[in-house]
Amino acid sequence: MAIPRSSPWIGRPNHLVLATVAACLFAVSAVAASAQSPSARGETSPQGVAPPSISADNLELAGQSRTDDLYLEVFHGARSTGLVVRLRLRDGQLRAARADLRAVGLIVPDETELDSEGLISLDALPGLVYRYEPASQRLVLQIPPDLRPVQRLGYQTPAVVDVRRDPGWLLGYDAYSRALNGDQTFAVASSLRRFGPAGAIELTGVSRAGDNAIGYQRLDTRWTYSDPRRLWSWTAGDLISGGLSWSRPVRMAGFQWRRNFATRPDLITLPMPRFSAQTTVPSTVELFVNNIRHFGTEVQDGPFVLDALPRISGAGQASLIVTDALGRVTETTLPLYIDHERLAPGLSDFSVEAGLLRHGFATADGDDYGDDPVVSGSWRRGLTDAVTLEGHGEAGPGVRLAGVGAVWSPWSRWGLATASIAVSDGDPSGNQYTLGYQWYDVRYGLDVLALRRSRGFRDLGDVRVDSIMAVPSLRAQDRATFWLAVPRGSLAVTWLRWRDSDGRDRDTRSLSWTQNLGARLSLSASLFDDSEGGRGGGLSLSIPLGDQLHASASVRRSEDRTSLSATLRRSAPYEGGWGWRVEGGDRPGGYAQAAAEVRGRYGEAWFGVDRTDERTGIFFQGAGSMALMDGQLFLSRRIHDAFAVVSTQAVTDVPIHSENRLFGRTNGDGYLLIPELRGWQRNRLAIDPSNLGPNYRVGAVEQMATPADQSGVLVEFDVTEVNPAIVVLLGPNGEPVPAGSRGRLVRTGREILVGFGGEAYLEDVTEETVIELEVSGVGCRYRVPVTADTARSAGLRREPLACERIDP
């Protein structure tokens with residue numbers, strides 16, 4: 001059998017044919033490329049040179065007129081913006097309103113020329129490449145970086161909260177009583193505060209009774225008002241002047257105006273690391289600080305800026321990782337240093353006071369106010385990310401002082417350096433300067449400071465009522481601390497030296513070591529050498545035993561004496577309950593104590609017995625608060641910040657949640673006090689209506705309460721007891737009204753809808769209710785009578801109601 005042979009045209013490639021085919025393909029590609037050139041597409045060239053506009057011939061071929069309105073879906077490359085924009089096609093150019101161009105992600109310079117209709121030609125935007133696709137009614141944009149708005153990522157300055165300033169009273173107290181060998185002591189520290197729309201007036205003092213009783217001693221009386229929008233606080237009365245790290249605050253009575261960042265606890269005041277980059281395609285951005293992920297999000301193509309929220313203190317390393325849609329990864333690493341001494345650029349802090357100096361505060365001899373007025377002022381401002389400038393001035397009887405300082409972090413990464421110089425003029429005169437440096441990271445830390453004051457330097461803290469009360473002031477101080485991380489612990493060395501105006505020197509050196517042993521034990525040791533107190537050391541062991549039970553033991557050696565002590569305690573649960581503590585030691589005379597603690601909703605108390613120097617005594621201590629709002633008096637555990645009084649309109653036993661945690665139930669008058677709110681912040685409060693019956697109408701079940709600090713708010717929930725009913729409406733023929741029929745309540749005009757079987761739901765029939773509706777062309781009236789005996793006991797379903805015809 002003969003085997004057929006392959007044809008030479010099929011079995012072997014013919015070079016002439018291949019060359020001919022290749023030439024044809026090349027010619028077709030050239031024609032297609034020419035058809036898709038920027039000039040043919042009506043696009044602007046990437047170099048920013050405007051190509052010929054869309055020609056009238058092309059528009060006519062596309063079925064468009066010379067002047068027409070187009071509504072096109074806008075794309076950034078292949079990505080749709082999801083927006084349809086109105087464009088005007090005139091003289092072969094696409095034009096749009098400035099607001100529409102900005103809405104689709106274009107930066108339109110203010111100097112861009114507008115036409116007679118207030119529109120902007122796309123050809124007038126330099127670098128913009130666009131393509132109009134008539135078949136799909138799309139406008140495809142290729143936007144250069146200069147025309148793209150920067151995407152802001154990370155931390156954004158939060159909006160100012162609206163603070164509630166409801167009126168009320170708050171009394172805080174801390175009482176202590178002790179009896180020892182016939183000697184009895186009783187003291188109560190109190191703080192009475194009246195708050196409201198005009199701020200707060202506060203009176204603090206101490207009452208004492210017993211063998212050394214002195215009656216009541218007033219501590220402070222002042223009025224304060226804070227404005228979270230301007231970050232200002234005003235104080236009139238007893239106050240403490242503002243200051244800097246190198247100045248001394250003083251007590252005075254007068255007026256103060258200061259910056260108060262505490263009114264905006266969500267505002268970051270320190271410089272934040274900032275990263276800027278640009279992506280050509282949609283990407284994922286992640287920020288790692290010290291190899292811990294702090295932030296992650298998706299970004300669209302274009303430039304972006306990430307303001308990183310600092311969650312570390314000291315030195316660290318930040319890494320920005322950008323992963324685009326194709327899987328390509330770009331990583332940028334930046335060393336940084338985070339501290340709370342610098343201010344963000346452009347941010348300022350200040351305090352200004354004027355009044356009379358106060359001397360002898362809270363002393364047994366009583367306090368006194370000076371006769372001559374004094375003024376004081378402090379100021380700080382973030383100049384750059386790395387530098388914060390400071391200034392301070394004082395003036396008073398025989399004292400005039402001015403000083404400047406700076407806080408500098410070299411390149412925002414090499415620690416923190418501080419320096420200041422101040423000069424005082426008066427009788428006598430002198431100067432003061434300080435130099436300091438600190439560095440902290442996860443492995444080690446260093447903090448050094450030197451202060452020098454000449455003998456003639458004086459500030460307001462050196463002014464006294466008379467020479468008898470004069471206290472030697474500080475003239476020189478040196479401080480150095482070195483901290484080192486060791487496996488499962490830390491080691492610290494501290495050196496402190498100071499000299500007063502009398503020439504006395506004191507030098508203190510200490511070494512401390514802490515170590516975690518196993519999963520639960522903690523050991524700490526210390527050695528010290530003091531030029532006045534001698535040498536010594538100590539060793540302590542802490543042992544958590546679980547279930548709020550804790551044990552500790554320590555030994556201390558000082559002045560050639562060794563003392564031992566041990567403690568075993570069980571803390572009272574935070575939500576309420578009992579705790580106890582026993583401790584003892586062999587210090588001179590011996591020492592032992594046994595005490596119990598109780599924590600409840602209405603206060604906290606400690607009581608027990610102790611023995612010291614062979615004398616036995618008993619003691620009692622109690623703390624709590626009383627609040628008066630909306631005519632109601634409430635007892636509570638100590639309120640340290642802000643509180644809320646929740647009202648459910650006299651409805652009792654309603655569960656109240658604070659930050660999604662059940663706090664309690666309303667009392668017999670429908671009130672509950674929540675003592676643990678955060679001042680100047682939004683606090684989430686809610687009611688749980690699940691156990692309320694169908695005879696209650698409930699409005700919003702959740703509210704955000706924002707009180708000022710040391711103040712309260714009244715939060716009212718709309719809970720109203722009603723008398724609902726389901727009635728069956730019968731038509732003129734005695735049959736149920738057809739489902740879907742609509743009627744109205746005569747008293748309120750509210751529309752009702754009839755369901756199956758002629759049933760209609762009425763929310764409240766505590767008063768006589770009249771319904772009118774039309775059935776098969778006949779007007780019907782229905783009366784739902786309610787009497788005092790049946791208003792709350794008739795049940796949900798009522799007897800069927802017959803139609804009362806309404807005369808035309």
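Scroll up to find the structure.
Residues numbered from 1 in each chain as written. Predicted model: local features only at pLDDT ≥ 70, side-chain atom pairs only at ≥ 80, totals over all residues. Heavy atoms only, no water.

### Some remarks on the overall build of the protein
Secondary structure summary: the protein contains 5 helices and 54 strands in total. Residue burial in the protein is summarised as follows: out of 808 residues, 38% are buried. Long-range pairs, those at least 24 residues apart, make up 49% of the contacts in the protein with a sequence separation of at least 6. Total accessible area computed for the protein in this model is approximately 43,500 Å², and 56% of it derives from carbon and sulfur atoms. (Helix = DSSP H or I, 4+ residues; strand = E, 2+ residues; numbered from the N terminus. Buried < 20%, exposed > 50% of the residue type's maximum accessible area, 1.4 Å probe, protein only. Contact = heavy atoms within 4.5 Å. Areas by Shrake-Rupley, 256 points an atom, 1.4 Å probe, with all protein chains shown as cover.)

### Thoughts on the state of the cysteines
Here the structure, examined in full by the defined rule, presents 1 disulfide. Here Cys780 is linked by a disulfide to Cys803, with a sulfur-sulfur distance of 2.0 Å. Taking the sign of the S-S torsion, about -90° here, the bridge from Cys780 to Cys803 comes out left-handed. Taken together, the residues span a long stretch of sequence, with Cys780 in strand E53 (residues 778-784) and Cys803 in the loop between E53 and strand E54 (804-805) at a distance of 23 residues. What makes Cys803 buried here is its relative accessible area of 19%. (Disulfide = S-S within 2.5 Å.)

### Quick notes on the side chain of Ser378
Turning to its location among the elements, Ser378 is positioned in strand E21 (residues 368-382). Side-chain polar atoms of Ser378 contact the side chain of His392, separated by 2.7 Å. Not counting chain neighbours up to four residues away, the residues in contact with Ser378 comprise Gly242, Gly243, Leu244, Asp349, Phe350, Ser351, Gly391 and His392. (Polar contact = N/O pair within 3.5 Å; in protein donor to acceptor, adjacent residues only side chain to side chain.)

### Some words on the sheet that holds strand E6 (residues 138-142)
Read across the open sheet, the 6 strands follow the order E4-E3-E2-E1-E6-E5; overall the sheet is mixed. The open sheet has two edge strands with one neighbour each: strand E4 (120-121) and strand E5 (129-133). In terms of strand pairing, E5 meets E6 through 5 bridges, oriented antiparallel. Bridge pairing in E6 links Tyr130 to Leu141. (Pairing = 2+ DSSP bridges.)

### Observations regarding the side chain of Ser241
Looking at the secondary structure, you find Ser241 in the loop between strand E12 (232-240) and strand E13 (251-259). Setting aside chain neighbours within four positions, we find Ser241 in contact with Pro249, Val250, Met252, Gln256, Glu353 and Ser376.

### Points about the pairing of strand E2 (residues 79-90)
Here strand E1 (residues 68-76) runs beside E2; their pairing, made up of 8 bridges, is antiparallel. Residue pairing for E2: Tyr71 is matched across the bridge by Arg86. A loop of 2 residues connects E1 with E2, the two strands running antiparallel in sequence, and Gly77 in this loop sits at a positive phi of about 65°. As paired elements, E2 and strand E3 (residues 93-96) share 3 bridges and run antiparallel to each other. The residue bridging Leu89 from the neighbouring strand is Leu94, located in E3. Between E2 and E3, which pair antiparallel and follow one another directly, the connecting turn spans 2 residues, one of which, Asp91, has a positive phi of 55°.

### As for the environment of Glu659
Its location among the elements puts Glu659 in the loop between strand E40 (655-658) and strand E41 (661-665). C-alpha separation for the pair Glu659 and Leu677, spaced 18 residues apart in sequence, amounts to 9.6 Å. Not counting the four nearest positions on each side in its chain, Glu659 is found in contact with Arg678, Arg682, Asn683 and Arg684.

### So, the pattern of salt bridges
When their charged atoms lie close together, side chains carrying opposite charge are able to pair. For the structure on display, the rule yields 61 salt bridges. Arg479 serves as the salt-bridge partner of Asp447, at 3.6 Å between the closest nitrogen and oxygen. Within this pair, whereas Asp447 is found in strand E26 (residues 444-453), its partner Arg479 is found in strand E27 (residues 474-486), the two being separated by 32 residues in sequence. Taking relative accessible area as the criterion, Arg479 reaches 28% and is therefore assigned partly exposed. Among the charged side chains, a salt-bridge network with shared partners connects Arg193, Glu202, Arg218, Asp220, Arg222, Asp238, Arg251 and Arg358. (Salt bridge = Lys/Arg side-chain N within 4 Å of Asp/Glu carboxyl O.)

### Side note on the nonpolar core
If you look at the biggest cluster of nonpolar residues, it comprises 23 residues, and the most contacted ones within it are Phe275, Val285, Leu287, Phe304, Leu306, Ala318 and Leu320. Only strand E15 (283-289), strand E17 (302-307), strand E18 (314-324) and strand E19 (329-338) provide two or more residues apiece to this core. (Core = buried A, V, L, I, M, F, W, Y, C linked by side-chain atoms within 4.5 Å.)

### What to know about a nonpolar patch on the surface
A cluster of nonpolar side chains, Tyr444, Leu446, Phe482, Leu484, Val493, Leu511 and Leu527, forms an exposed patch at the surface whose accessible area comes to about 540 Å². If you list the elements that add at least two residues to the nonpolar patch, you get E26 and E27. Along the polypeptide, Val493 turns up in strand E28 (residues 489-500). (Patch = residues over 30% accessible without salt bridge, like charges linked within 9 Å, V, L, I, M, F, W, Y side chains within 5 Å.)

### Thoughts on the sheet that holds E40
Strand order in this open sheet of 4 strands is E41-E40-E43-E45, and the pairing throughout is antiparallel. The open sheet is flanked by E41 and strand E45 (702-705), the only strands paired with a single partner. The sheet shows a mean angle of 30° between the axes of neighbouring strands, direction not considered. Relative to E45, strand E43 (residues 683-687) runs antiparallel, the two sharing 4 bridges. Residue pairing for E45: Leu685 is matched across the bridge by Gln703. (Axes fitted to C-alpha atoms, helices over the stretch in contact; angles between N-to-C directions.)

### Some remarks on the packing of aromatic side chains
All told, the structure shown has 8 aromatic pairs when counted by the stated rule. Judged by centre distance (4.8 Å) and plane angle (65°), the rings of Trp257 and Phe350 are edge-to-face. Remark: Phe350 occurs in strand E20 (residues 348-359) and Trp257 occurs in strand E13; sequence separation between them is 93 residues. By the ring-pair criterion, three or more aromatic residues cluster together here, those being Tyr225, Trp232, Trp234, Trp257 and Phe350. The lysine or arginine in question, Arg251, covers the ring of Phe361, its NZ or CZ lying 3.6 Å from the ring centre. When the ring centre of Tyr574 is taken as origin, the NZ or CZ atom of Arg637, which lies over that ring, is 5.3 Å away. (Phe/Tyr/Trp six-rings, centres within 6.5 Å; stacked < 30°, edge-to-face > 60°. Lys NZ or Arg CZ within 6 Å of the ring centre and 35° of its normal.)

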